[in-house]
Amino acid sequence: MTTPRDEDRIRATPAAPIPDGPPPTSIDHTPIDHKPATTPRKGKPRPTRISGTWVAVLASIVVLIFLLVFILQNLDDATIHFIGLASTLPLGVALLFSAIGGAVTVALVGAARILQLRRQTKRG
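Read on for an overview of the structure.

**Concerning the overall build of the chain**
Thinking step 1. Per the secondary structure count, the chain includes three helices and two strands.
Thinking step 2. Written out in order from the N terminus, the α and β elements of the chain read α-α-β-β-α.
Thinking step 3. Expressed as a percentage of its 124 residues, the buried residues of the chain come to 3%.
Thinking step 4. Sequence separation of at least 24 residues holds for 9% of the intrachain contacts in the chain that already meet a minimum separation of 6.

Following this line, the structure appears as structure tokens:
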């Protein structure tokens, strides 16, 4: 029968106390005493107002190029009658003016509605 030597006993003795069991865990099985390390977000940066403006400018340039091509392809004269007045304009220009008039009308109605809602919120 052999007996362990003293030096084997010293090496086998743990330096820290032996835990009673596994460390306590939360529901998702991560140790409670350890907080998850936060890592920097990878991927796309958040869009800014300037980048949104830049996209709007580029889209506007594309729309203006299409409008210019449309006007240049529709240079036939058209007679326009408005409130008793008659004038001759190229068809593309006349359609552009009518589109601008429609956009202004929509903007005025929208602005009136916004003002109406602001007045209601101030009163209430």
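**Topic: the pairing of strand 2 (residues 85-90)**
Thinking step 1. Note that strand 1 (residues 77-82) and strand 2 share six bridges and pair antiparallel. Bridge pairing in strand 2 places Ile80 opposite Ser87.
Thinking step 2. Between strand 1 and strand 2, which pair antiparallel in sequence order, lie two residues; one of them, Ile83, sits at a positive phi of approximately 50°.

**A look at unusual backbone geometry**
Thinking step 1. Of note in the backbone geometry, Ile83 takes a positive phi value of approximately 50° without being a glycine.
Thinking step 2. Note on placement: Ile83 falls in the loop between strand 1 and strand 2.

**Considering the packing of helix 2 (residues 49-73) against helix 3 (residues 91-123)**
Thinking step 1. One way to put it is that helix 2 packs onto helix 3 with a least axis distance of 6 Å and a crossing angle of 135°. As summarised for this structure, helix 2 and helix 3 are arranged oblique, according to the angle between their axes. Listed contacts from helix 3 to Leu67, Phe70 and Ile71 of helix 2 are Gly92, Val93, Leu95 and Leu96.
Thinking step 2. Along the lines of polarity and charge, the residues of the contact of helix 2 with helix 3 split into six nonpolar, one polar and no charged.

Definitions and cut-offs
Residues numbered from 1 in each chain as written. Predicted model: local features only at pLDDT ≥ 70, side-chain atom pairs only at ≥ 80, totals over all residues. Heavy atoms only, no water. Helix = DSSP H or I, 4+ residues; strand = E, 2+ residues; numbered from the N terminus. Buried < 20%, exposed > 50% of the residue type's maximum accessible area, 1.4 Å probe, protein only. Contact = heavy atoms within 4.5 Å. Pairing = 2+ DSSP bridges. Axes fitted to C-alpha atoms, helices over the stretch in contact; angles between N-to-C directions. Parallel < 35°, antiparallel > 145°, perpendicular 65-115°, else oblique. Nonpolar A, V, L, I, M, F, W, Y, C, P; charged D, E, K, R; others polar.

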